[in-house]
Amino acid sequence: MGLKGRHLIDPNDFTIEEIQHIIDLGLKIYQNPEKYSEICKGKILGTLFYEPSTRTRLSFESAMLKMGGTVLGFSDANTSSVKKGESIADTIRCMDDYVDILVMRHPREGAPLLASQFSTVPLINGGDGGHQHPTQTLTDLITIQEYKQEIKNLKVAFCGDLLFGRTVHSLLKTLSRFPNISFVLVSPKELQIPYHLKQELIEKYQVEITETSSLEEYLPHIDILYMTRIQKERFFNEEDYVKLKDSYILSRNKLASSKEDLLIMHPLPRVNEISYDVDDDPRAKYFEQAKLGVYVRMALMASLLGVNE
Amino acid sequence: MGLKGRHLIDPNDFTIEEIQHIIDLGLKIYQNPEKYSEICKGKILGTLFYEPSTRTRLSFESAMLKMGGTVLGFSDANTSSVKKGESIADTIRCMDDYVDILVMRHPREGAPLLASQFSTVPLINGGDGGHQHPTQTLTDLITIQEYKQEIKNLKVAFCGDLLFGRTVHSLLKTLSRFPNISFVLVSPKELQIPYHLKQELIEKYQVEITETSSLEEYLPHIDILYMTRIQKERFFNEEDYVKLKDSYILSRNKLASSKEDLLIMHPLPRVNEISYDVDDDPRAKYFEQAKLGVYVRMALMASLLGVNE
Amino acid sequence: MGLKGRHLIDPNDFTIEEIQHIIDLGLKIYQNPEKYSEICKGKILGTLFYEPSTRTRLSFESAMLKMGGTVLGFSDANTSSVKKGESIADTIRCMDDYVDILVMRHPREGAPLLASQFSTVPLINGGDGGHQHPTQTLTDLITIQEYKQEIKNLKVAFCGDLLFGRTVHSLLKTLSRFPNISFVLVSPKELQIPYHLKQELIEKYQVEITETSSLEEYLPHIDILYMTRIQKERFFNEEDYVKLKDSYILSRNKLASSKEDLLIMHPLPRVNEISYDVDDDPRAKYFEQAKLGVYVRMALMASLLGVNE
């Protein structure tokens, strides 16, 4: 497949065929994890978390351990050489002696791209600022594939903070490359997707986009509902936050009108944007999504390491 | 034994037979660790430490590694998703995809119990506030078994802070369930065991309890001396602390009158409640106790995972 | 070789023959890592980092993982029992039940030596204050051996902070024990090596030492140039720091006059004491040095564990 030795910085680094290959492999591993439990024996994953992200870090660590590999790294830049003023380039040139593959999380946009230019081992972007988070996108895609059989002919609604939500932007762009996907974008006016992104989606990919501030109006018509957190830290004042945060809460009641086979997703962690009474609804798949995230990361690392053939 | 898939939140979750089974298995592993060095191959332990506890965490990690398994997790809530406002229930529902067994340490009483209700994998309470610390109790029991051959017909003295000491309360309750155990409780008046606990021990288990403020008076008559730290943070003022902290220090001199086969225990870390000159006394077994703690945790995890049969 | 079960606190703990044995084994592993990828199966390394040092810690962790062993420990004393007032002796007496070999980093000089007196497993000093850092010295020596074939008949220049630089002092003393080594010490007057060390080198080892404040003057004549960082925290005032820090920067231009086979080393991390344009010069080997550091640590741990024969 030609993925061996590659980096993953932006989901667009990979063709649709390459993404599809990783998703298919992820589902194969998910069906039969025993078969893959030793494929990374002797391989070491390096986790460079310049800002904490427990869920992403542990998902990667679990993925590597489940393939028989091992892990080293740091989970917080405060305990790293960064504090001594070392450049990212130098850190990478040492780290890649210690490990076989790297995942980097960094508060600064572009840091993983820079790092990848110095790395002799595959480097995966584990999230850089408000920019990219490609393994979350892969996680979202494998979930769609698992529950919708294929990634095409789908009306996908995104609800919540669409202005700042890195996860949403990344998924919007990648989904646009799949056949016949249309979007319903549900958000308060203040948190609509950035204009330039909307233009890009329409002009480059010719996707159909509907913007609305009402979640309920479109619920009956959509195949997938992707909920996101409205982060307090995105607001300029407390008043705006309080006013908006509850507007887009998904509850069991609201779900009454939606399709039987609606797929409800969320990148987690959630705070209160999905009521707990939704958790038992068979359409709620956000915990399965987190689980599938481990398997798609297994498939990704196996592919970049070239150990899966 | 029926332990597979179970949680351990409170030592009373297990019958005396189940506890005995774990202790016996722990001593078997201790005698022949090689035989068990691969039984957890492919298994992953998740360590959820919402407050730091290096000794407990490393004891668990060592136990899992010595059985051929692996470990992931966090050692401090400051680097976890908790900070983003995620509920324990949600954290657990994701974590249990990553791992095969969990240990949770939490500053809030009841948090591990709550967590266990959402966990699909066995969850072990690694200490919750001033409440329970069941693997410390198992550690204490395996030590008694190793050095006293069986857990019965023993006069056990507890010395130090008996009011706040979680370790002591847990062990008192569990020991009461074994045959013919009596207690000597040595503490300043201000730090005696809580009244409700004393009532419970006497009424529910009919154990004989002697309360005293003099360590020396009872030293010649006891089989086991369980020392505990008097924690500075338990006192309302510095003066009380200074006055009391040295009252119950065990020194080589004081030991002169005690039995030849006295067993001296301490949950560690100690500060100064046992003088260093006691360390070389053959009756001092607190470091052996810490060591046996690894083996009883191996036995516990193997039993909950169902890999020991 | 008699290294099994030994501690390494000071490079002088080992004879030249023992050091040579470790270096030779390190290079053998470097040539053929596959052959050694399982020799530490079942062995656990304990990392006791009482102050953070990401690079040293990860180099050790990588070394152990590459030999098929596992790792546990802490990377920061703030999350350890130390805070509860436990003595180093007690910590060690528990830790050595958990692991097969220990590495300790500590801000206080002498702490690893003290710890080794209580440890029943081999303990390696991973750096204590401004005192010793023996595995950095081994890293430096294996690099010299790799690029100069043997550690003898060499004129070695040290440049930068020679007053406070632990790395430099340690290497100076150890190199002095090899045949026909001479030193050129390049530093501002304020940062020359301590007088007592200079006396020791001259009187005990009869090495030839040239002190100078000009890097360029001696560049044409040396075989090895060992650059070091001038640490801001060593200065009493900002003005002195700014005045001195750039005086001893190595640039591509300055290198023009030096030997074709000059070996340029640096313990890393660097800040700006070597310009980035030097990195591509084939004489610059500091990243290779970091890499060799993993292999010499593999050789060291294998030797102390007695698993390499």
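Residues numbered from 1 in each chain as written. Chains lettered and ligands numbered in written order. Predicted model: local features only at pLDDT ≥ 70, side-chain atom pairs only at ≥ 80, totals over all residues. Heavy atoms only, no water.

Quick look at the overall build of chain A
- Within chain A one finds 11 helices and nine strands.
- Whereas a compact globule of 309 residues would reach a radius of gyration of roughly 19 Å, chain A reaches 19 Å, a difference of no more than 12%.
- The proportion of buried residues among the 309 residues of chain A is 63%.
- Of the roughly 11600 Å² of accessible surface on chain A, a fraction of 47% belongs to carbon and sulfur atoms.
- Treating the 36 positive side-chain charges of chain A as one cloud and the 43 negative ones as another, the clouds have centres 2 Å apart. (Helix = DSSP H or I, 4+ residues; strand = E, 2+ residues; numbered from the N terminus. Rg over C-alpha atoms; globule rule 2.2 N^0.38 Å. Buried < 20%, exposed > 50% of the residue type's maximum accessible area, 1.4 Å probe, protein only. Areas by Shrake-Rupley, 256 points an atom, 1.4 Å probe, with all protein chains shown as cover. Lys, Arg positive; Asp, Glu negative; His and termini not counted. Charge placed at Lys NZ, Arg CZ, Asp CG, Glu CD.)

What about the sheet that holds strand β6 (residues 181–186) of chain B?
Residues and elements named next belong to chain B.
- Here five strands make up an open sheet; going across it, the order is β7-β6-β5-β8-β9 and the pairing parallel. Each edge of the open sheet is held by one strand with a lone partner, namely β7 (208–212) and β9 (263–265). When strand polarity is set aside, the average angle formed by the axes of neighbouring strands in this sheet is 15°.
- One ladder, built from six bridges, connects strand β5 (residues 154–159) with β6; its direction is parallel. Residue pairing across strands places L154 opposite I181, the latter belonging to β6. (Pairing = 2+ DSSP bridges. Axes fitted to C-alpha atoms, helices over the stretch in contact; angles between N-to-C directions.)

Concerning the relation of the copies chain A and chain B
- Once chain A is rotated about the relating axis by 120° and shifted along it by 0.0 Å, it coincides with chain B to within an RMSD of 0.0 Å. Such values leave the two copies arranged in the relation of a three-fold axis. For chain A, the minimum C-alpha distance to the rotation axis belongs to T70 of chain A and amounts to 4.8 Å. (Least-squares fit on C-alpha atoms with pLDDT ≥ 70 in both.)

Observations concerning the packing of helix α6 (residues 166–175) of chain B against helix α7 (residues 195–205) of chain B
Residues and elements named next belong to chain B.
- Closest axis-to-axis distance for the α6/α7 pair is 10 Å, and the angle between their directions is 10°. Relative to α7, the element α6 is oriented roughly parallel. From α6, H169, L172 and K173 reach across to α7, where they touch L197, E200, L201 and Y205.
- Counted by class, the contact of α6 with α7 contains four nonpolar, one polar and two charged residues. (Parallel < 35°, antiparallel > 145°, perpendicular 65-115°, else oblique. Contact = heavy atoms within 4.5 Å. Nonpolar A, V, L, I, M, F, W, Y, C, P; charged D, E, K, R; others polar.)

A word on the nonpolar core
- Counting residues in each nonpolar core, the largest one holds 105 residues, and the members touching the most others are F158, L175, F183 and L225 of chain A.
- Among the elements that make up this core, the one with the highest residue count is helix α11 (residues 286–305) of chain A (14 residues).
- If you look at the next biggest cluster of nonpolar residues, it comprises 102 residues, including I222, I224, I274 and A284 of chain C. (Core = buried A, V, L, I, M, F, W, Y, C linked by side-chain atoms within 4.5 Å.)

Focus on the environment of P220 of chain A
All names here are of chain A.
- Mapped onto the fold, P220 is located in the loop between α8 (215–218) and β8 (224–227).
- Placed 36 residues apart in sequence, P220 and A256 show a C-alpha to C-alpha distance of 8.7 Å.
- If we skip the residues at most four places from it in the chain, P220 touches S257, S258 and K259.

Comments concerning the domain arrangement of chain A
All names here are of chain A.
- Here chain A is described as being made up of domain 1 (11–133 + 292–305) and domain 2 (135–290).
- Domain 1 and domain 2 are separated by 26 Å when their C-alpha centres are compared.
- Residue-level contacts link 31 residues of domain 1 with 24 residues of domain 2.
- Note on domain 1 versus domain 2: buried area summed over both sides is about 2300 Å², and carbon and sulfur give 56% of it. (Domains from an automatic or database assignment. Buried area = accessible area lost by both parts, 1.4 Å probe.)

Focus on the interface of chain A and chain C
- Across the contact, 20 residues belong to chain A and 23 residues belong to chain C.
- Of the roughly 2000 Å² buried at the junction of chain A and chain C (both faces included), carbon and sulfur atoms supply 54%.
- Between the two partners, chain A and chain C, sit five salt bridges.
- Residues R55 of chain C and E86 of chain A are paired through a salt bridge, measuring 2.1 Å at the closest nitrogen-oxygen approach.
- Our count for the chain A to chain C interface comes out at nine residue pairs in polar contact (both at pLDDT 80 or more).
- Taken together, the elements giving at least two residues each to the side of chain A that touches chain C come down to β2 (70–74) and α3 (88–98) of chain A.
- Per element, the largest residue contribution to the side of chain A that touches chain C is six residues, and it comes from α3 of chain A.
- Class assignment for the residues of the side of chain A that touches chain C results in seven nonpolar, seven polar and six charged. (Salt bridge = Lys/Arg side-chain N within 4 Å of Asp/Glu carboxyl O. Polar contact = N/O pair within 3.5 Å; in protein donor to acceptor, adjacent residues only side chain to side chain.)

A few points about the pattern of salt bridges
- On inspection of all chains with the given rule, the structure shows 45 salt bridges over all chains.
- Among the salt bridges present, the one from R6 of chain B reaches E18 of chain B, with a minimum N-O distance of 3.0 Å. Taken as a pair, R6 of chain B in the segment before α1 (16–31) and E18 of chain B in helix α1 lie far apart in primary sequence, 12 residues in all.
- Since its relative accessible area comes to 25%, R6 of chain B is described here as partly exposed.
- For E18 of chain B, a relative accessible area of 9% translates into the label buried.
- Residues R283 of chain C and D281 of chain C are paired through a salt bridge, measuring 3.0 Å at the closest nitrogen-oxygen approach. For the residue pair R283 of chain C and D281 of chain C, the accessibility class agrees, reading buried in each case.
- Through salt bridges with shared partners, one network takes in D90 and R93 of chain A together with R270 and D279 of chain C.

Thoughts on the sheet that holds strand β4 (residues 123–128) of chain A
All names here are of chain A.
- Here we have four strands laid out as an open sheet, ordered β2-β1-β3-β4, and parallel in their pairing. Both edges of this open sheet fall to β2 and β4, since each of them pairs with a single strand only. Taken pair by pair, the neighbouring strands of this sheet meet at an average axis angle of 15°, ignoring direction.
- Against the sheet, α3 touches β1 (44–49), β2, β3 (101–106) and β4, its axis set at about 150° to β3.

Some details on unusual backbone geometry
- For the bond running from L268 of chain A to P269 of chain A, omega is -5°, close enough to zero to count as cis.
- Here P269 of chain A lies in the loop between β9 (263–265) and α11.
- One non-glycine residue, N153 of chain A, adopts positive backbone phi at about 55°.
- Not every positive phi belongs to a glycine, and Q206 of chain B is a case in point at roughly 55°.
- Note on placement: Q206 of chain B falls in the loop between α7 and β7.
- Classification of Q206 of chain B by relative accessible area gives exposed; the value is 60%.

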